[in-house]
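Overview (structure and organization)
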Amino acid sequence: MIHIQNGKVFNSEFQDIYFSQEDGESESDYVFLKGNHLEQRFQALQSYESFSVGELGFGTGLNFLLTRRLFLKEAHPSTRLEYISFEIDLPSPPLCRKSNSLFPSLKNDAILLRRKLRGVLQRNTGTHTILFDSGRIKLTLFLGDVRTEIFRMQGNCHAWYLDGFAPSKNPQMWQVSIFRELANRSHPGATFSSFSAAGGVRQSLKES
């Protein structure tokens, strides 16, 4: 179902890739981190404040790696980050290793993530909480269909990454009902970012 095709991580069920081979790191940084103004928002956090990021589509973990790196660099040492992600089908450990090897600057971070995810990748189901950086950063993974898993989520998010496959490939994720549940689990003023510029997606977000 998930394999390397022409140097890209490809999901045969959804007939789509996880990120651009040419510059996937910069692409994700621009769309999700800069799209949600996270550098400025992390810098503005006060002592002992927390910030929550939600994500649809964990994939190989690239967005998490970039967000963790930025948070550790910009946020006050007493602050905390909660990263909540939904994924229906995690890539295998070898595929994660091959895909993240495309980003040398994230090598050590990717090794740490793979080690933390070792048991999770073997099960590929359920809800999993994984701590990083002495508990300062908490990753919660919901493995399964977001249409049901979203109801297990507790708490609200300040920013959302809508990183599922394209609406034409994965229409079940891009539904008004899903966006409404995300809105119900968002802090006032929460932001959303996505690769998709489809008119239907924009309209669904407005209706939420």
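Predicted model, so just to flag it, every value in this text is computed and none were measured.

Under the definition given, this model contains nine salt bridges. Measuring nitrogen to oxygen at the nearest pair gives 2.9 Å for the salt bridge that ties Arg69 to Glu25. Pair noted here: Arg69 is in helix H3 (residues 62-74) and Glu25 is in helix H1 (residues 24-34), with a separation of 44 residues, a long-range link. You can call Arg69 partly exposed: its relative accessible area is 34%. What emerges from the salt-bridge pattern is a single network uniting Arg68, Asp109 and Asp133.

Our focus in this paragraph is the packing of aromatic side chains. Remark: the centre distance and the inter-plane angle together describe each pair of aromatic rings, the angle taken between the planes. According to the stated counting rule, one finds nine aromatic pairs in the structure shown. Taking the centre distance of 5.1 Å and the plane angle of 80° together, the rings of Phe64 and Tyr83 count as edge-to-face. In this pair, Phe64 sits in helix H3 while Tyr83 sits in strand S5 (residues 80-87), placing the two residues 19 residues apart along the sequence. A residue is classified by how much of its surface remains accessible, and Phe64, at 1% relative accessible area, is buried. Given the relative accessible area of 0%, Tyr83 is considered buried. Consider the rings of Trp160 and Phe192, whose centres lie 6.4 Å apart with planes at 10°: the pair is stacked. A residue pair is termed long-range when its members are at least 10 positions apart, and Trp160 in strand S8 (residues 157-162) and Phe192 in strand S9 (residues 186-194) qualify at 32 residues.

Calculation notes
Residues numbered from 1 in each chain as written. Predicted model: local features only at pLDDT ≥ 70, side-chain atom pairs only at ≥ 80, totals over all residues. Heavy atoms only, no water. Salt bridge = Lys/Arg side-chain N within 4 Å of Asp/Glu carboxyl O. Helix = DSSP H or I, 4+ residues; strand = E, 2+ residues; numbered from the N terminus. Buried < 20%, exposed > 50% of the residue type's maximum accessible area, 1.4 Å probe, protein only. Phe/Tyr/Trp six-rings, centres within 6.5 Å; stacked < 30°, edge-to-face > 60°.

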